[in-house]
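Here is how the chains run, residue by residue.
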Amino acid sequence: METREELLRAKIPCPETGIEIKRTLCAICSPSFHCGVDAYVRDGRIIKVEGTEGHPMNDGLLCTKGLSNREYIYRKDRILTPLKRVGRRGEGKFQEITWEEAYREIADRLLAIRAQDGADSVLFFGGYSKWFRPWLHRLAFSFGTENYATESSTCFTSGLMAWKVATGRPARPDMEHCGVFLGWAFNPYHSRYLNGKRADEAKARGVKFIIVDPRETPATEKLADIHLRPVGGTDGALALGMANILIENGWIDRDYIERYVSGFEAFAEYVRQFNADNLEALTGVPYEQALAACRLIHENGPLSVNESSAPLAHHKNGMQNYRAIMALTALTGSYDRVGGQRPSLHTYVHQSSGFQTREEEFVEEKRPKACKEPVGKPRFPLWYHLEREAQAMDIARQITEGKPYPIRAVFACGMNARMFPDTEYVKEALKKLDFFVDADLFLTDTAKYADIVLPACSSFERGEFKTYPGGYATYTEPVIPPLGQSKSDADILCELAGYLDLDDPLLRSGYENCVRDIIRDLSVTVEELKAADLPVLVPEREPYAEGAYIEGGMDTPSGKFELDSLVIQAHPEWGLDSLPTYRCSLNQADETDYPFILCAGARIPHALHSRLHDVPWLRSLRPEPEADLALCDAERLGIKKGDKIQLFTAVGSIEVKANPTARVLPGMVHMYHGYREADVNSLMDRDNLDPYCGFPGFRSTRCGVRKGEN
Ligand SMILES: Nc1nc2c(c(=O)[nH]1)N[C@H]1C(S)=C(S)[C@@H](COP(=O)(O)OP(=O)(O)OC[C@H]3O[C@@H](n4cnc5c(=O)[nH]c(N)nc54)[C@H](O)[C@@H]3O)O[C@H]1N2
Ligand SMILES: Nc1nc2c(c(=O)[nH]1)N[C@H]1C(S)=C(S)[C@@H](COP(=O)(O)OP(=O)(O)OC[C@H]3O[C@@H](n4cnc5c(=O)[nH]c(N)nc54)[C@H](O)[C@@H]3O)O[C@H]1N2
Ligand SMILES: [Mo]
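Residues numbered from 1 in each chain as written. Chains lettered and ligands numbered in written order. Predicted model: local features only at pLDDT ≥ 70, side-chain atom pairs only at ≥ 80, totals over all residues. Heavy atoms only, no water.

## A few points about the overall build of the protein
Helix and strand content of the protein: 27 helices and 27 strands. Over its C-alpha atoms the protein spans a radius of gyration of 25 Å, differing by no more than 12% from the 27 Å that the globule rule assigns to 710 residues. Taking the principal axes of the C-alpha coordinates as reference, the protein spans close to 70 × 65 × 60 Å. Of the charged side chains in the protein, 86 are positive and 102 negative; the average position of the first set lies 3 Å away from that of the second. (Helix = DSSP H or I, 4+ residues; strand = E, 2+ residues; numbered from the N terminus. Rg over C-alpha atoms; globule rule 2.2 N^0.38 Å. Lys, Arg positive; Asp, Glu negative; His and termini not counted. Charge placed at Lys NZ, Arg CZ, Asp CG, Glu CD.)

Here you go:
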């Protein structure tokens, strides 16, 4: 028999130890995951976490980040009470106030600004944590403004827009049934471990893999039958060259194209200029390799393609490159086919689960009628046309310039200035605001600019509705009480709606009532979801019906897959190309002064944007910010592993440790973002933006490298 001491040390859940296992979810990364977690709780504290077995998402697995939830939740800089700024902006001097005082001050200030300059002079912003978005969005609308913007202005939406232009709907790769997988910018082992598992299974089934990545990664090593290594950001040229090869060799599905694709002739004519004569010069990929990849596609269909939310999109020509890659699915007849690219509709907060909720209605029913053009609309008209929200990459400019009208206040949930290009410029803009509120778990460098900081709680401390692929839904209960006086964002937003006296009884009635409204067409209830131990199957789920969407006519002007966009053609005043044209993405900077191409942001397993650099377990895996560069470049510059080097652009310079490696393409430098002491986004040109969608060129920025002070 073990003693109680031994049971405690082994963290055994039983009456002797008082340890209980309670179920929750990990919300550290995107809601398109949110893995199920078994939290071991003793005396209201989490003492251990494990993945939930039988959970439809992760079935017992967790990644490095998920396993660090305990350290994340108990990070030393958790905010425990509402705070009011008493020092200068950014200085970090605050006094504790009550929720009542915080709400009153926020309501008074926002209502006064609205009365003076209109609701549009207040902007509502949501950071990477997406779970509360329908509430924040509705709050903005009920307040009377369309100025609602999110971090998705740099993530995911570019690809979504590319799909909307082509087919009217997003799509998902059907890796389970494909014959060949085109892993374009695909390294799930670092960014989406569950997709890594799926890829391993596909490989074991005999699926062929083409990986397109400038670097060597676990994916290129474990999976690639062919590894194409284009210089970062030249993907469009490579895809158009591959399209040309497929067409020239007759490796296309003519019948499919005839029936379901529009603009083929113009596209085929355009891609002829990407050929054996120039493909290698444009992309760095030898023509023979591209030809071999096309042959592999032709001989091993159906073709499924990776959906990239960041690396392909973070270039000035990013969305067009994306469209060029998607065109390969049209040519090979793989869109809306088993084993190809399946059209999918979002069920709820960035998750497609195969059934409908009323999330969109919940937000749209409050869209204000008369308001000014939201931030970014004049500059990025296609963005607004398709997304109907503000483009966050234009916020700092509009605050600074006051044009076309002033933005005087920002109400944010989880704003991180180091997410944007040119961080200093963003901070200067925040200083100019009359009023800034930020809700966060931690007293971040950005929160230090706020007038009022609100303490948000983690997913372990709140109850939350959530859906999962395969037709599942769940509603978690808190597994520990919120730390200090922290609260769930959704509760904060609903309560604030009351203090603002908004004409919105549903929002004011609280999170749970809103969820009831959002799922009122489903036959499962909040009570049933809460009572269940695991996510439950929703009876309204619909299985995928192959070809139903293309047969019924797609949501595009022609009803077909548009290689040549009629939406863009109808708006010549936008100055955008209707074909997926290729242009060089590099910013205007002197090649002699800035000879390297900086790719900032390729995921590392132990960091998530700004948040996990401060979690000791994870930080210990890479204690200092590092930049990866090719062995030959390091040798030429006399740089050894661990040397301090400076990365510099016309915008700024940072000092980091050098990591010379054979994995990186000569001429390129890779660096992860979000570090306080070496903020790579402080090097980024704030105007180097994709004119189609507004995304920044984080992954193809000219930079210089020199040895630092060692
Ligand atoms: N150079 C470079 N820059 C990039 C990228 C890149 O690849 N390279 N990637 C871009 C992409 S794809 C993304 S998604 C963005 C990341 O977008 P960011 O918004 O910068 O992401 P995080 O740093 O994870 O989170 C932002 C803040 O939200 C807080 N937070 C977390 N959970 C909650 C919550 O539940 N409630 C509240 N109120 N706050 C919370 C965190 O503490 C943090 O301060 O960065 C973009 N910027
Ligand atoms: N551990 C961890 N996981 C994460 C995140 C995180 O911060 N940390 N962030 C989450 C978020 S918000 C996002 S958006 C996703 C992004 O997830 P992914 O899309 O997987 O993003 P990356 O890891 O940046 O890029 C994948 C691969 O693309 C390559 N790549 C970079 N630039 C280019 C290019 O120009 N062309 C080509 N062909 N390849 C290129 C990189 O070398 C890398 O190996 O990750 C999510 N998962
Ligand atoms: Mo992202």
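## So, the sheet that holds strand S1 (residues 20-25)
Strand order across the open sheet formed by three strands is S1-S2-S3, with antiparallel pairing between neighbours. Edge positions in the sheet fall to S1 and strand S3 (45-51), since each of these pairs with one other strand and no more. Going from strand to strand, the sheet's axes swing by 35 degrees on average, the running direction of each strand aside. As defined by bridge partners, S1 adjoins strand S2 (residues 36-42) across six bridges and the pair is classed as antiparallel. (Pairing = 2+ DSSP bridges. Axes fitted to C-alpha atoms, helices over the stretch in contact; angles between N-to-C directions.)

## Topic: the side chain of His137
Along the chain, His137 turns up in helix H5 (residues 133-143). Apart from residues no more than four positions distant in its own chain, His137 is found in contact with Tyr148, Val363 and Glu389. (Contact = heavy atoms within 4.5 Å.)

## Some words on the packing of aromatic side chains
Scanning all chains against the criterion turns up 21 aromatic pairs. Centre to centre, the rings of Trp99 and Tyr103 are 5.3 Å apart; their planes meet at 35 degrees, and the pair counts as tilted. Of this pair, Trp99 and Tyr103 both sit in helix H4 (residues 99-117), four residues apart, which is roughly one turn of the helix. You can call Trp99 buried: its relative accessible area is 10%. Overall, Tyr103 belongs to the buried group, its relative accessible area being 2%. (Phe/Tyr/Trp six-rings, centres within 6.5 Å; stacked < 30°, edge-to-face > 60°. Buried < 20%, exposed > 50% of the residue type's maximum accessible area, 1.4 Å probe, protein only.)

## With respect to the site of ligand 1
If you check the shell around ligand 1, you find 34 residues, and the closest are Asn416, Asp440, Asp489, Ser610 and Asn681. A distance of 3.0 Å separates an oxygen atom of ligand 1 from a polar atom in the backbone of Tyr128. Residue Asp440 places a side-chain N or O atom 2.6 Å away from an oxygen atom belonging to ligand 1. Protein contacts shield 98% of the accessible area of ligand 1, which totals 910 Å² for the unbound molecule. A breakdown of the residues in the shell around ligand 1 according to their chemical character gives 15 nonpolar, twelve polar and seven charged. Shared between two domains, the shell around ligand 1 takes at least three residues from each, and those domains are domain 2 (83-156 + 354-537) and domain 4 (596-707). (Near = heavy atom within 4 Å. Polar contact = N/O pair within 3.5 Å; in protein donor to acceptor, adjacent residues only side chain to side chain. Areas by Shrake-Rupley, 256 points an atom, 1.4 Å probe, with all protein chains shown as cover. Nonpolar A, V, L, I, M, F, W, Y, C, P; charged D, E, K, R; others polar. Domains from an automatic or database assignment.)

## What about the nonpolar core?
Of all hydrophobic cores here, the largest spans 109 residues; its most connected members are Phe125, Trp184, Ile210, Met242, Phe267, Leu331 and Leu382. With 55 residues, the next largest nonpolar core counts Ala102, Phe124, Ile452 and Leu500 among its residues. (Core = buried A, V, L, I, M, F, W, Y, C linked by side-chain atoms within 4.5 Å.)

## Some remarks on the UniProt feature "domain: 4Fe-4S Mo/W bis-MGD-type" (unreviewed entry) in the protein
UniProt annotation of "domain: 4Fe-4S Mo/W bis-MGD-type" (unreviewed entry) refers to residues 19-77 when read in the numbering used here. Between the C-alpha atoms that bound residues 19-77 the distance is 26 Å, and the span itself is 15% helix and 34% strand. (UniProt positions renumbered as here; feature names shortened; annotations may be inferred.)

## So, helix H22 (residues 511-518)
Along H22, the residues classified as buried are Tyr511, Cys514, Val515, Asp517 and Ile518. Seen along its axis, H22 keeps its buried residues to an arc of 155 degrees; they face one direction. (Arc of directions from axis to C-beta.)

## Observations regarding unusual backbone geometry
The step from Gly301 to Pro302 runs through a cis peptide bond, and the omega angle for that step is 0 degrees. On the secondary structure map, Pro302 appears in the loop between helix H14 (287-300) and strand S13 (303-305). The step from Lys403 to Pro404 runs through a cis peptide bond, and the omega angle for that step is 0 degrees. Inspection of the secondary structure puts Pro404 in the loop between helix H18 (395-401) and strand S15 (409-413). Positioned with a positive phi, Asp43 is a non-glycine residue whose angle comes to about 50 degrees. Tracing the backbone through its elements, the reader meets Asp43 in the loop between S2 and S3.

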